[in-house]
Amino acid sequence: MDASPFDWVGQGDADAAALCVHGLTGTPYEIRPLALAIVGRGIRARGPLLPGHGTSPEELARLRYSDWVDAVHEEYRALRAEHGRVFVIGL
């Protein structure tokens with residue numbers, strides 16, 4: 001099981017990217033199959049590891065919902081700076 005973040009570039013639409021967001025207490029592993037399908041269609045797929053996830057319950061408990069939302073917004077802005085279209089998908 002590979003729970004690490006990913007950033008895969010598809011070989012098609014260079015103007016499109018997908019931000020793949022895992023669920024609460026999850027990791028990028030759970031959204032990796034969907035991301036692979038997206039990359040297979042030629043679209044870049046990025047799956048970050050949200051703050052506090054993939055570590056310990058104690059670290060996760062120290063964070064707030066807004067920390068995760070801020071992290072997703074930051075990832076979105078980074079992709080939007082490089083791509084005309086960014087799709088957000090998640091669990």
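Here is what the cut-offs are and how they apply
- Residues numbered from 1 in each chain as written.
- Predicted model: local features only at pLDDT ≥ 70, side-chain atom pairs only at ≥ 80, totals over all residues.
- Heavy atoms only, no water.
- Helix = DSSP H or I, 4+ residues; strand = E, 2+ residues; numbered from the N terminus.
- Rg over C-alpha atoms; globule rule 2.2 N^0.38 Å.
- Buried < 20%, exposed > 50% of the residue type's maximum accessible area, 1.4 Å probe, protein only.
- Areas by Shrake-Rupley, 256 points an atom, 1.4 Å probe, with all protein chains shown as cover.
- Lys, Arg positive; Asp, Glu negative; His and termini not counted.
- Charge placed at Lys NZ, Arg CZ, Asp CG, Glu CD.
- Arc of directions from axis to C-beta.
- Contact = heavy atoms within 4.5 Å.

Draft legend 1. Just the overall build of the protein, in detail. Helix and strand counts for the protein stand at 3 helices and 4 strands. Along the chain direction, N to C, the helices and strands of the protein fall in the order β-β-α-β-α-α-β. The globule rule puts the C-alpha radius of gyration for 91 residues at 12 Å, and the 13 Å found for the protein is close to it. Its C-alpha atoms give the protein principal-axis dimensions of about 40 × 30 × 15 Å. Looking at the protein residue by residue over its 91 residues, the buried ones come to 38%. Total accessible area on the protein stands at roughly 5,400 Å², and carbon and sulfur atoms take up 56% of it. Here the protein contributes 9 positively and 12 negatively charged side chains, and the mean placements of these two sets differ by 5 Å.

Draft legend 2. Region of interest: helix α1 (residues 32–40). Within α1 the residues assigned to the buried category are Arg32, Ala35, Ile38 and Val39. Down the axis of α1, the sector holding all buried residues measures 115°, keeping them to one side. Away from the buried face of α1 by more than 90 degrees, exposed residues Pro33 and Gly40 are located. Against the buried residues of α1 lie β1 (6–8), β2 (16–21), β3 (44–47) and β4 (85–90). Looking at the residues trailing α1, positive phi occurs at glycine 42, about 90°.

Interpretation in functional terms is not warranted from these geometric data alone.
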